[in-house]
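Structural characterization, general
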Amino acid sequence: MRVPVREGHVAYLDGWRGICILLVLIGHYVEPLRPFGRTGVEFFFVLSGSLMADLLVFKRQDIPHFLRRRVARVFPALAVYVVLIGTALNVSLAALGQPLRLASPIAALFYFHNYLPHDSVVQLFEHTWSLAVEEHSYLLLVGIILAARRKPMLAATFALALSALAVANAYRLLAEPYSGGQWIFWRSDVRAASVLISFAFCILFRRMNPDRLPGWFAVGAAVLSGIGMIESGNSPVQFACCTVLAALSVNSLAFSSRRNRVLLEAPILVWFGTLSFSIYVWQQMFAVFAKSGWPPLPCFALTLVAALASFKLVENPARDFLNSHWGVRRAPTPLAAG
């Protein structure tokens, strides 16, 4: 059951990931609590925005190296899931004499599932919409860094401006509904706002370098964000307000009470956080089983078994192999917080 904590990981941020994935599992396996899954994904997005600001702005990671590490982080485990489940699905359909379903696994593998027509979506790959949003957001952040010429405040301004455009685009899409498409909050040109806002807030917090914040600040912002996310529905402004609160929470942790970080460093949360990507990839299959009537607890247990196998056999070794064979380039001198 033990999993290695990767070098450079911060325990309390892994604990944040652990809370995120537990919220996703609760939302996917217990139908009355479905909105919790939405909250978990949003918390993942704001954490990604903060971490990408740290890498691209403050550690000034070389962009080709940054992109290679993102591929090594995500693609191997996702590819194994998509190939295995996609092959099993289509072999079964062929044996039954039914039409093959190829569009959904192909879209999942190449990160455009969030733009796939609704009638082409297979539930087994539906969750990859969020992976597409993250990967598209990373490319957008690289463009911001290049356009801002690595000037932190200019990069933050660009990110906030683009996030405002994404919220406006959500209103446009709501006002001009179209048939056949997926939910608009799964589109990268809407949901990238979550990553962008947190990216900007990370820069602003580090630039201001505030003294210790009240102990309740990060916790209160997270709780308010979660409550608002559960009730947000289709309101882009309410959704954006919840994102702002979540981004305030994750980016204030470093300046918050040590007690908050200690709670997030609980070994069980760090364990779930370390496995969070493999859990997220494989939970979808068992969530489909749960929706078809399987009890939630066996689905939860099978998810952990599949995630452990994915992490130990695919995700971790493939990541190490790719990173080592692509070479570890010496990082530029970190940028001072001020």
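Notes on the structure in this doc start here.

About the thresholds
Residues numbered from 1 in each chain as written. Predicted model: local features only at pLDDT ≥ 70, side-chain atom pairs only at ≥ 80, totals over all residues. Heavy atoms only, no water. Helix = DSSP H or I, 4+ residues; strand = E, 2+ residues; numbered from the N terminus. Rg over C-alpha atoms; globule rule 2.2 N^0.38 Å. Buried < 20%, exposed > 50% of the residue type's maximum accessible area, 1.4 Å probe, protein only. Contact = heavy atoms within 4.5 Å. Phe/Tyr/Trp six-rings, centres within 6.5 Å; stacked < 30°, edge-to-face > 60°. Lys NZ or Arg CZ within 6 Å of the ring centre and 35° of its normal. Salt bridge = Lys/Arg side-chain N within 4 Å of Asp/Glu carboxyl O. Patch = residues over 30% accessible without salt bridge, like charges linked within 9 Å, V, L, I, M, F, W, Y side chains within 5 Å. Areas by Shrake-Rupley, 256 points an atom, 1.4 Å probe, with all protein chains shown as cover. Expected span 1.5 Å × (residues − 1). Core = buried A, V, L, I, M, F, W, Y, C linked by side-chain atoms within 4.5 Å. Axes fitted to C-alpha atoms, helices over the stretch in contact; angles between N-to-C directions. Parallel < 35°, antiparallel > 145°, perpendicular 65-115°, else oblique. Left-handed = near helix turned anticlockwise from the far one by under 90°. Nonpolar A, V, L, I, M, F, W, Y, C, P; charged D, E, K, R; others polar.

1. What to know about the overall build of the protein chain
Helix and strand content of the protein chain: 13 helices and 0 strands. Over its C-alpha trace the protein chain gives a radius of gyration of 20 Å, about what one expects of a compact globule, namely 20 Å for 338 residues. Counting only C-alpha atoms, the protein chain reaches 65 × 50 × 35 Å along its principal axes. Burial analysis of the protein chain (338 residues in total) assigns 53% to the buried set. A separation of at least 24 residues holds for 75% of the contacts in the protein chain among residues at least 6 apart in sequence.

2. Comments concerning the packing of aromatic side chains
In this structure the tally under the stated criterion is 15 aromatic pairs. Directly above the aromatic system of Phe-58 lies the positively charged group of Arg-206, at a separation of 4.6 Å from the ring centroid. The positively charged end of Arg-261 is found above the aromatic ring belonging to Tyr-12, 5.9 Å away from the centroid.

3. Concerning the pattern of salt bridges
In this structure the tally under the stated criterion is 8 salt bridges. The shortest N-O distance in the salt bridge between Asp-54 and Arg-206 comes to 2.8 Å. In this pair, Asp-54 is assigned in helix 2 (residues 35-58) and Arg-206 in helix 7 (residues 188-208), connecting sequence segments 152 residues apart. Note that Glu-265 and Arg-258 form a salt bridge whose closest N and O atoms lie 3.2 Å from each other. In this structure, a network of salt bridges that share partners links the residues Asp-54, Lys-59 and Arg-206.

4. Structural notes on a nonpolar patch on the surface
On the surface, a cluster of nonpolar side chains totalling about 480 Å² of accessible area is made up of Leu-100, Leu-102, Ile-106, Phe-110 and Phe-112. Here Leu-102 lies in the loop between helix 3 (63-95) and helix 4 (103-109).

5. Side note on helix 6 (residues 152-175)
Here helix 6 contains 24 residues, and its C-alpha end-to-end distance of 35 Å stays within 8% of the 34 Å for a straight helix at 1.5 Å per residue. The set of residues buried in helix 6 consists of Pro-152, Ala-155, Ala-156, Ala-159, Ser-163, Ala-166, Val-167, Asn-169, Ala-170 and Leu-173.

6. A word on the nonpolar core
Ranked by size, the top nonpolar core spans 91 residues in total, and within it Trp-16, Tyr-81, Phe-125 and Phe-199 carry the most contacts. Once you skip the residues sitting within four places of it in the chain, Phe-199 turns out to touch Gly-49, Ser-50, Met-52, Ala-53, Val-57, Leu-141, Ile-144, Ile-145, Ala-155 and Ala-159.

7. Some points on the side chain of Ser-198
On the secondary structure map, Ser-198 appears in helix 7. With residues up to four places along the chain from it excluded, the contact list for Ser-198 reads Val-46, Gly-49, Ser-50, Ala-247, Val-250 and Asn-251.

8. Side note on the environment of Met-285
Along the chain, Met-285 turns up in helix 12 (residues 276-291). For the pair formed by Met-285 and Val-71, sequence separation is 214 residues and the distance between their alpha carbons is 23 Å. Non-local contacts of Met-285, meaning those with residues more than four positions away in its chain, are made with Tyr-81, Ile-85 and Leu-124.

9. So, the packing of helix 5 (residues 128-148) against helix 7
It is at 9 Å that the axes of helix 5 and helix 7 come closest, and there the two elements cross at 60°. When the axes of helix 5 and helix 7 are compared, the pair comes out oblique. With respect to the hand of their crossing, helix 5 and helix 7 are arranged in right-handed fashion. For the pair helix 5 and helix 7, contact is made by Trp-129, Ala-132, Val-133, His-136, Ser-137, Leu-140, Leu-141, Ile-144 and Ile-145 and by Ser-188, Arg-191, Ala-192, Val-195, Leu-196 and Phe-199, respectively. For the contact of helix 5 with helix 7, the class distribution of residues is 11 nonpolar, 3 polar and 1 charged.

10. Remarks on unusual backbone geometry
Positive phi is not limited to glycine here, since Tyr-111 has a value of about 60°. Within the element layout of this structure, Tyr-111 appears in the loop between helix 4 and helix 5. For Tyr-111, a relative accessible area of 16% gives the class buried.

11. Describing the packing of helix 6 against helix 7
Packed helices, taken two at a time, are described by their axes: the angle between them and the distance between them. Put simply, helix 6 and helix 7 touch, their axes get as near as 8 Å, and they point 155° apart. Judged on the interaxial angle alone, helix 7 and helix 6 are roughly antiparallel. Here helix 6 runs over helix 7; the crossing is left-handed. Here Pro-152, Met-153, Ala-155, Ala-156, Ala-159, Leu-160, Leu-162, Ser-163, Ala-166, Asn-169, Ala-170 and Leu-173 of helix 6 lie close against helix 7, whose contacting residues are Asp-189, Val-190, Ala-193, Leu-196, Ile-197, Phe-199, Ala-200, Phe-201, Ile-203, Leu-204 and Arg-207. Considered class by class, the residues forming the contact of helix 6 with helix 7 number 19 nonpolar, 2 polar and 2 charged.

12. Side note on the environment of Arg-68
Residue position: Arg-68 is located in helix 3. Taking the relative accessible area as the measure of exposure, Arg-68 reaches 22% and is therefore partly exposed. Taking the C-alpha atoms as reference points, Arg-68 and Leu-322, 254 residues apart in sequence, are found 8.4 Å from one another.

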